[in-house]
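Results of the structural survey
What follows is each chain in one-letter form.
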Amino acid sequence: MDHELVFALIFFPALVGALFLGAWGGWKRGWVLPLAGLVGGVLLFWGGLMAAVGEYFSSWQASPDPPDEAFSDGGSLVFTLLLGWLPGLVLAGTSFAVARWVRVRRTRAASY
């Protein structure tokens, strides 16, 4: 299987799940469920990104006659491990904020 396809098949479900969890958390009232949705979205994105990068390099290395770049020093894996939560926070946080904004606007419009 092509290594880009392996990456996409692992990463895109995690991306959609992180968007959903962030929006779900933004729609809930209180602070426990919203925080759980936001943290769950960030962790899902981060885990999906780490798994996708790891499997990407594994499938690239298993391809016939792989280039030398396929056997890199693992810098991308370390970077993903240490800072992969940051794009997850931006993604889940944005969907959280949009859902919270929509919920507040609907609540205000219904009270008039």
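To keep things clear, this report deals only with the structure shown in the data block. For every chain, the first residue of the written sequence is number 1, and numbering continues from 1 onward in sequence order. Local features are withheld for residues below a pLDDT of 70 in this predicted model, meaning they are given only at 70 or higher, and side-chain atom pairs are given and counted only at 80 or more; totals for whole chains, interfaces and linings count all residues. Water and hydrogen atoms were dropped before computing side-chain values, which therefore reflect all heavy atoms in the structure.

As a further point, take the side chain of Ser 59. By definition, any uninterrupted DSSP run of H or I lasting at least four residues is a helix, any uninterrupted run of E lasting at least two residues is a strand, and each is numbered from the N terminus. Along the chain, Ser 59 falls in helix α2 (residues 32-62). Any residue under 20% of the maximum accessible area for its type is buried, any over 50% is exposed, and the rest in between are partly exposed; the area is computed with a 1.4 Å probe on protein chains only. The buried category is assigned to Ser 59, whose relative accessible area is 16%. In protein, a polar contact means a hydrogen-donor-capable atom and an acceptor-capable atom, both N or O and within 3.5 Å, with residues adjacent in sequence counting only if both atoms are side-chain atoms; elsewhere, any N or O pair within 3.5 Å suffices. Of note is the side chain of Ser 59, whose polar atom sits 3.1 Å from the backbone oxygen of Tyr 56. Should any heavy atoms of two residues lie within 4.5 Å, those residues are considered in contact. Each residue touching Ser 59, except ones within four places of it in the same chain, is listed here: His 3 and Val 6.

Here we take up the side chain of Ser 95. Among the structural elements, Ser 95 can be located in helix α4 (residues 85-111). Residue classification places Ser 95 among the buried positions, given a relative accessible area of 11%. For Ser 95, the side chain forms a polar contact with the main-chain oxygen of Leu 19, separated by 3.2 Å. The contacts of Ser 95, once residues within four sequence positions are left out, are Ala 18, Leu 19, Gly 22 and Ala 23.

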